[in-house]
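# Coordinate analysis (summary)
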Amino acid sequence: MAKILCVLYDDPISGYPSTYPRAGLPIIKNYPGGQTLPTPHKIDFLPGTLLGSTSGELGLREFLESLGHTLIVTSDKEGEHSAFDQELPDADIVISQPFWPAYLNAERLSKAKKLKLAITAGIGSDHVDLNSALEKGITVAEITYCNSISVAEFIVMLIVTQIKNYLASHSWVENKGWNIADCASRSYDLEGMQVGSVAAGRIGLATLRRLKPFDVKLHYTERHRLSPEIEAELNLTYHPNIRSMLKICDVVTINCPLDGETEHLFNDETLEVMKNGAYLINTARGKVCDRDAIVRALERGKLAGYAGDVWFPQPPSADHPWRTMPHQGMTPHIAGTSLPAQARYAAGVREILECFFNGRAIRDEYLILKEGKLAGTGAHSYRLRRSQEAA
Ligand code: NDP
């Protein structure tokens, strides 16, 4: 029988909800491009309820215990005395969410002697040291597409709120004040701006599609160029390198995975290439940006604004400079954990577990690593450290 160790974020401070603002969720039949939503044999949860927190348990307990497996759920994940570290050595499967990542670094993986499967309940498996997982033959899978549209919507919101100076204006209301000039002196329109995406994968492309009606000029940079039909549909300009895009964009949204190639892609040097007064939106991963370079760029007015939901580490310390830097629109890591997204990734985790226990193949779409190499979506989107690539 297997031991499944599941690391989830804490319940709300006021306790696990007994009611929700809305009843039910819209029915979504397919993802763009035709990929089907998760197809587990059964689910034991109500879509629209909180599944990503410790009491929600991703709706897995009944299923796993009925098969005789052991499910451990904890939010305690930091340090060698954490519940995660204590339970890891004999765990067969680890489930973690990027929002509250259980960092499976090389040291932890070396102690996880029985680990066969690491599931990301979400998208983005950079919290797993893929090089070490690959050496140990651990399968890594994530729920591709489960929250891509959730994030694309979030990005559009961040772009518009930054450009309109929404957050600072809203705080005048909350603080019982009223100074229109103060709000308006940093407020612009998106119409007519040059907007670029670093990567046009599932989130990047969905974001570009949602931005088109704003009458902006769209740009992107990618390793694999999009089809001429998509470029024509969106009147997209392709940039073979990031610099040529950064030079002309008023808004840049980052939508690539964090890997050996993209860590600190945005540093003092690349930020300097950007237009003065550009806005940078990062919902990809905190480490794609050099933390202190972002602070410097905002302080000297190089960037007019920076917004996103991703940090390093997560959770960040109380004195993390991104909490207090000027003109930021940061939130905790939430873009991909809306209630509809939770229902999809909980169902996707269940599908993967059903496959694993029944000896059926996990969908290629969900695979990042399998049998010691990048596989499926991982083979397309991720790059390992160079030593491993050569191996
Ligand atoms: P996809 O795999 O669909 O897209 C990623 C794209 O990035 C691929 O098309 C890939 O290109 C491209 N890419 C990789 N490296 C580079 C590079 N160096 N320069 C330009 N493009 C590059 O993933 P998603 O769109 O679904 O997700 C993207 C990322 O967003 C995730 O990895 C995750 O980190 C983050 N995310 C954040 C969430 C949140 O809540 N904030 C939720 C979900 C995801 P190619 O096709 O050419 O290989």
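Our subject is the structure that appears above.
Not measured: the values here are computed from a predicted model.

### Some points on the packing of helix 5 (residues 148-163) against helix 8 (residues 202-211)
Viewed as axis vectors pointing N to C, helix 5 and helix 8 meet at an angle of 50°, and their least axial separation amounts to 8 Å. Classified by the interaxial angle, the pair formed by helix 5 and helix 8 is oblique. Two packed elements cross with a definite hand, and for helix 5 against helix 8 that hand is right-handed. Contacts from Ser148, Ile149, Val151, Ala152, Glu153, Ile155, Val156 and Ile159 in helix 5 reach Arg202, Ile203, Ala206, Thr207, Arg210 and Leu211 in helix 8. For the contact of helix 5 with helix 8, the per-class residue count stands at nine nonpolar, two polar and three charged.

### Quick notes on the site of the ligand
Taken together, 28 residues are adjacent to the ligand, and Arg202, Glu222, His224, His380 and Ser381 come closest. Between the ligand and the protein, one listed contact pairs an oxygen atom with a side-chain N or O atom of Arg285 at 3.4 Å. One of the backbone nitrogen or oxygen atoms of Gly336 is found 2.8 Å away from an oxygen atom of the ligand. Isolated, the ligand exposes 920 Å² of accessible area, and the fraction of that covered by the protein chains is 94%.

### Examining helix 13 (residues 339-358)
Between its terminal C-alpha atoms helix 13 stretches 29 Å, which fits the 28 Å expected from 20 residues at 1.5 Å a residue. The buried fraction of helix 13 is high, at 15 of 20 residues. Taken from the residues just after helix 13, Gly359 is the one with a positive phi, measuring 70°.

### Quick word on the sheet that holds strand 6 (residues 194-198)
The seven strands lie next to each other as 8-7-6-9-10-11-12, forming an open sheet whose pairing is parallel. Pairing within the sheet leaves two strands with one partner each, and these edge strands are strand 8 (237-239) and strand 12 (328-330). Within this sheet the neighbouring strands show an average axis-to-axis angle of 15°, counted without direction. Sheet analysis places strand 10 (residues 278-282) next to strand 11 (residues 303-308), joined by five bridges and oriented parallel. Bridge assignment links Ile281 to a residue of strand 11, and that residue is Ala307. Packed onto the sheet, helix 12 (residues 291-299) meets strand 10 and strand 11 and runs at close to 140° relative to strand 11.

### Remarks on the sheet that holds strand 14 (residues 373-374)
Read from one edge to the other, the open sheet built from seven strands follows the order 2-1-3-4-5-13-14, with strand pairing classed as mixed. Looking at which strands have only one partner, the edges of the open sheet turn out to be strand 2 (70-74) and strand 14. Relative to strand 14, strand 13 (residues 367-370) runs antiparallel, the two sharing two bridges. Of the residues in strand 14, the one forming a bridge with Lys370 is Lys373.

### Focus: the packing of aromatic side chains
For the structure on display, the rule yields seven aromatic pairs. A centroid spacing of 5.1 Å and a plane angle of 50° characterise the contact between Tyr220 and Tyr238, whose relative ring orientation is tilted. Here the residue Tyr220 occupies a position in strand 7 (residues 217-221), and Tyr238 occupies one in strand 8, the gap between them amounting to 18 residues. Judged by its relative accessible area of 0%, Tyr220 falls in the buried class. Between Trp311 and Trp322, the ring centres sit 6.1 Å apart and the planes meet at 45°, which makes this aromatic pair tilted. Taken together, the residues span a long stretch of sequence, with Trp311 in the loop between strand 11 and strand 12 and Trp322 in the loop between strand 11 and strand 12 at a distance of 11 residues. Taking relative accessible area as the criterion, Trp311 reaches 8% and is therefore assigned buried. The ring of Trp100 is capped by Lys77, whose NZ or CZ atom sits 5.0 Å from the centre of that ring. Geometry around Trp311 places Arg323 over its ring, the cationic atom sitting 5.9 Å from the centre.

Scoring rules and cut-offs
Residues numbered from 1 in each chain as written. Predicted model: local features only at pLDDT ≥ 70, side-chain atom pairs only at ≥ 80, totals over all residues. Heavy atoms only, no water. Axes fitted to C-alpha atoms, helices over the stretch in contact; angles between N-to-C directions. Helix = DSSP H or I, 4+ residues; strand = E, 2+ residues; numbered from the N terminus. Parallel < 35°, antiparallel > 145°, perpendicular 65-115°, else oblique. Left-handed = near helix turned anticlockwise from the far one by under 90°. Contact = heavy atoms within 4.5 Å. Nonpolar A, V, L, I, M, F, W, Y, C, P; charged D, E, K, R; others polar. Near = heavy atom within 4 Å. Polar contact = N/O pair within 3.5 Å; in protein donor to acceptor, adjacent residues only side chain to side chain. Areas by Shrake-Rupley, 256 points an atom, 1.4 Å probe, with all protein chains shown as cover. Expected span 1.5 Å × (residues − 1). Buried < 20%, exposed > 50% of the residue type's maximum accessible area, 1.4 Å probe, protein only. Pairing = 2+ DSSP bridges. Phe/Tyr/Trp six-rings, centres within 6.5 Å; stacked < 30°, edge-to-face > 60°. Lys NZ or Arg CZ within 6 Å of the ring centre and 35° of its normal.

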